[in-house]
Amino acid sequence: MPSYKLYYFNSRGRAEIARWLFKLSGKEFEDIRYTQEEWLTKKADFPFRQLPVLEVTDDKGKTTIIPQSGAITRYLGREFGFCGKGNLEMARAEFLSEHMMDTVMALFINEEDEEKKKVLVRQALEGPVSEGLKLLEDYVLDCGYFVSEKMDRLLFVTPTTMEICIVVRTIGDGKGTGEASRGSQRQICHWPVSLISWRRLTRTSSITPRN
């Protein structure tokens, strides 16, 4: 049986989907989290000088390094059976997850002036983000899932992305520190997120709490 080490920072970010895949599949892994100071001393040891990185060691002791969050997620999804049945289901999971990432990218705003940034965040939330989520609602199947009853890769991408929306909205309103609270989750419910998959996965988010 392979052994796994997942390297990232002490946050959810781009490693959270991989962590959920490990937890929900019941597979053991070593969750290695660096502080920013530690990362500066380790950076040169990693491909592309970026995190996350997954280290896979097979039964014969051969170790393979997998960088890039998308490659890690797709590899684990295939290994653990979370990519859908057949190419069409896999393609559906892929295009919906790509849409979610396109939607959340509208929130990454390069503006140093904090007041201007709040205005731009609000415009993004009320414009492209809200529209992107409304478009996603059309793809929920009658069973309440995006692809199938067995949680697939998209069902992890969606709540992770929604948390980013919640956190940024809290900051944009000037009402919080950026930590997604239960209250802020309820506050955002005028967006189309009251899906079976969203409700189920918000209950599992405590599997990787932030310190």
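Residues numbered from 1 in each chain as written. Predicted model: local features only at pLDDT ≥ 70, side-chain atom pairs only at ≥ 80, totals over all residues. Heavy atoms only, no water.

*Asks:* I tried to follow the packing of helix 4 (residues 86-105) against helix 5 (residues 114-137) on my own but got confused; where do I start?
*Replies:* Two quantities define a packed helix pair, namely the angle between the helix axes and the distance between the axes. In the contact formed by helix 4 and helix 5, the axes pass within 9 Å of each other and the chain directions differ by 165°. Considering their axes alone, helix 4 and helix 5 lie roughly antiparallel with respect to each other. Regarding helix 4 and helix 5, the two cross each other, and that crossing is left-handed. Taken together, the residues of helix 5 that come into contact with helix 4 (itself represented by Leu96, His99, Met100 and Thr103) are Pro128, Val129, Gly132, Leu133, Leu135 and Leu136. Its residues assigned to classes, the contact of helix 4 with helix 5 comprises seven nonpolar, three polar and no charged. (Axes fitted to C-alpha atoms, helices over the stretch in contact; angles between N-to-C directions. Helix = DSSP H or I, 4+ residues; strand = E, 2+ residues; numbered from the N terminus. Parallel < 35°, antiparallel > 145°, perpendicular 65-115°, else oblique. Left-handed = near helix turned anticlockwise from the far one by under 90°. Contact = heavy atoms within 4.5 Å. Nonpolar A, V, L, I, M, F, W, Y, C, P; charged D, E, K, R; others polar.)

*Asks:* Help me out: how do you make sense of the pairing of strand 1 (residues 3-9) in this one?
*Replies:* On a regular strand, one side chain projects to one face of the sheet and the next to the other, so that they alternate. In terms of burial, strand 1 is a largely internal element, five of the seven residues being buried. Relative to strand 3 (residues 53-57), strand 1 is paired through five bridges, and the arrangement is antiparallel. By the bridge assignment for strand 3, Tyr4 is matched with Val56. Of the pairings in the sheet, the one linking strand 1 to strand 2 (residues 30-34) comprises five bridges and is parallel in character. (Buried < 20%, exposed > 50% of the residue type's maximum accessible area, 1.4 Å probe, protein only. Pairing = 2+ DSSP bridges.)

*Asks:* What is the right way to look at the sheet that holds strand 2 in this model?
*Replies:* Strand pairing in a sheet relies on backbone hydrogen bonds, with the paired strands running either antiparallel or parallel. Strand order in the open sheet made by the four strands is 2-1-3-4, with mixed pairing throughout. Looking at the sheet topology across the chains shown, the edges are occupied by strand 2 and strand 4 (63-67). This sheet shows a mean twist of 20° between the axes of neighbouring strands, independent of strand direction. This element, helix 1 (residues 16-25), spans strand 1, strand 2 and strand 3 of the sheet and lies at about 150° to strand 1. On the sheet, helix 3 (residues 69-80) packs against strand 1, strand 3 and strand 4 and is oriented at approximately 125° with respect to strand 4.

*Asks:* Just checking my understanding: could you explain unusual backbone geometry for this structure?
*Replies:* Glycine aside, residues mostly have negative phi angles, and peptide bonds mostly take the trans form. Here Leu51 and Pro52 are connected by a cis peptide whose omega angle stands at 10°. Locating Pro52 in the fold gives a position in the loop between helix 2 (36-42) and strand 3. The phi dihedral of Arg49 falls on the positive side, at around 55°, and the residue is not glycine. Assignment of secondary structure puts Arg49 in the loop between helix 2 and strand 3. Backbone geometry at Gln68 places phi at a positive 75°, although glycine is not the residue there. Structurally, the position occupied by Gln68 is in the loop between strand 4 and helix 3.

*Asks:* Would you explain the pattern of salt bridges in this entry?
*Replies:* Oppositely charged side chains can pair when the atoms bearing their charge come close. According to the stated counting rule, one finds seven salt bridges in the structure shown. Arg19 serves as the salt-bridge partner of Asp31, at 3.3 Å between the closest nitrogen and oxygen. Taken together, the residues Asp31 in strand 2 and Arg19 in helix 1 connect sequence positions twelve residues apart. The class of Asp31 is partly exposed, set by a relative accessible area of 28%. Connected via shared salt-bridge partners are Arg12, Glu16, Arg19, Asp31 and Arg33. (Salt bridge = Lys/Arg side-chain N within 4 Å of Asp/Glu carboxyl O.)

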